[in-house]
Amino acid sequence: MRCFYHPEYTFPLPADQPFPMDKFWRSAEMIRAECPEVRLETISPAPFATLERVHTRAYLESIRTGALRPEAAVRLGLPAGDALLTRCRLETAGTIAAMHAALADGLAGNLGGGTHHAFPDRGLGYCVLNDVAVAIREWHAAEPERRVFVADTDAHQGNGTSGIFAEDDRVFTYSIHVGRNYPAEKTPGDLDVELPRYVSGPEYLERLAATLPAALDEFRPDLIFWNSGADPHEADRFGQMKLTDADLAARDDFVLELATSRRSPCVVLYGGGYNRDRIHTARLHARTIAAAARHWLRHC
């Protein structure tokens, strides 16, 4: 199974930054050491013309030059500049590469991605570029009739992705998340499954099983993007869910079995993860990729 990663996914941040980017290199090291069936490949930054399929030129330039207004900088939560934009161009290129690999191989991953709060003209919640939206628009430029399902199991609603595709019948946006959590103002998707704060693992899995399979069967996608998310974990700082390691493993197997048993090519992305134990954040992401590799060996 092919996955995509670049060392520059890690971006130097202050020690007290709530979004530690060491999870990217740590998880990559775990996967290299423990998952010989995963082949890691590097990429080059996504071209600006590709980013402009979704994002405005003025917004991209404001990130590149660091010329964000103070309130926009606060909402983004990351220090804007050319280094940050290059890092996010690489991450977006990883999602595009994983999309093409999934179409060829059935299942592929990006050791990052799922930055679902980014809108065309603004970044929010540590999300600079909407990598999934850019990848979908890239594919639709070549094959405009293809149907794409975005399955978002991150603890937070994917408001940017929902907004970008609100009027596009070719894209179905599904999000299961805590209702009273970030973002405060939700942008409705095609199916939003709102859960109570501190939802238990069994209740989460029950609601997932009651909603996701039927949505997939009705929409019949040509491709699935799965924004997995490690932040539903009980020790996450921002997720406000109570899933254990075992619950997250059950979630991973459930989603991956849905995709592979339906022969739907699937792109696996990290999404959020802010565990109080930073190494455990990386471990949870690595376990998702390991589960994907097992399903790839079994089905693809």
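Structure: see above.
What counts, and at which threshold
Residues numbered from 1 in each chain as written. Predicted model: local features only at pLDDT ≥ 70, side-chain atom pairs only at ≥ 80, totals over all residues. Heavy atoms only, no water. Helix = DSSP H or I, 4+ residues; strand = E, 2+ residues; numbered from the N terminus. Expected span 1.5 Å × (residues − 1). 1 Å grid on protein atoms, 1.4 Å probe; cavity = no way out; pocket = protein on both sides within 12 Å on 5 of 7 lines; lining within 4 Å. Points joined across faces, edges and corners; volume = space filled by probe spheres on them. Nonpolar A, V, L, I, M, F, W, Y, C, P; charged D, E, K, R; others polar. Contact = heavy atoms within 4.5 Å. Salt bridge = Lys/Arg side-chain N within 4 Å of Asp/Glu carboxyl O. Buried < 20%, exposed > 50% of the residue type's maximum accessible area, 1.4 Å probe, protein only.

Asker: Run through helix H5 (residues 82-105), naming residues and quoting values.
Answerer: Taking 1.5 Å as the rise per residue, H5 with 24 residues should run 34 Å; its terminal C-alpha atoms sit 34 Å apart, in good agreement. The first or second residue beyond H5 is glycine 106, which carries a positive phi of 100°.

Asker: Can you lay out the layout of surface pockets for me, pointing to particular residues and giving the numbers?
Answerer: Empty space within the largest pocket amounts to approximately 340 Å³. Lining the largest pocket are 27 residues, and of these His117, Gly125, Tyr126, Cys127 and Tyr274 lie nearest its centre. Within the residue set of the lining of the largest pocket, elements represented by two or more residues are helix H1 (22-34) and H5. Split by residue class, the lining of the largest pocket holds twelve nonpolar, eleven polar and four charged.

Asker: Give me the environment of glycine 158: which residues, what numbers.
Answerer: Summarising the element assignment, glycine 158 is placed in the loop between strand S4 (148-152) and helix H7 (159-164). Put simply, glycine 158 and threonine 115 are 43 residues apart on the chain and 8.4 Å apart in space, counted from C-alpha to C-alpha. If we ignore the near neighbours within four places in the chain, the residues touching glycine 158 are His116, Asp152 and Ser175.

Asker: Describe the pattern of salt bridges, and please don't skip the residues or the numbers.
Answerer: Summed over all chains, the structure comprises 17 salt bridges. Glutamate 41 is the salt-bridge partner of arginine 39, the closest N and O atoms lying 2.7 Å from each other. According to the relative accessible area criterion, glutamate 41 is partly exposed, its value standing at 21%. Taking the shortest distance from any N to any O, the salt bridge between aspartate 168 and arginine 170 comes out at 2.9 Å.

Asker: I'd like to hear about the side chain of threonine 173, residue by residue, with values.
Answerer: The topology assignment puts threonine 173 in strand S5 (residues 171-178). Taking the relative accessible area as the measure of exposure, threonine 173 reaches 6% and is therefore buried. When sequence neighbours within four positions are dropped, the list of residues in contact with threonine 173 reads Val150, Thr161, Ser162, Gly189, Asp190 and Leu191.

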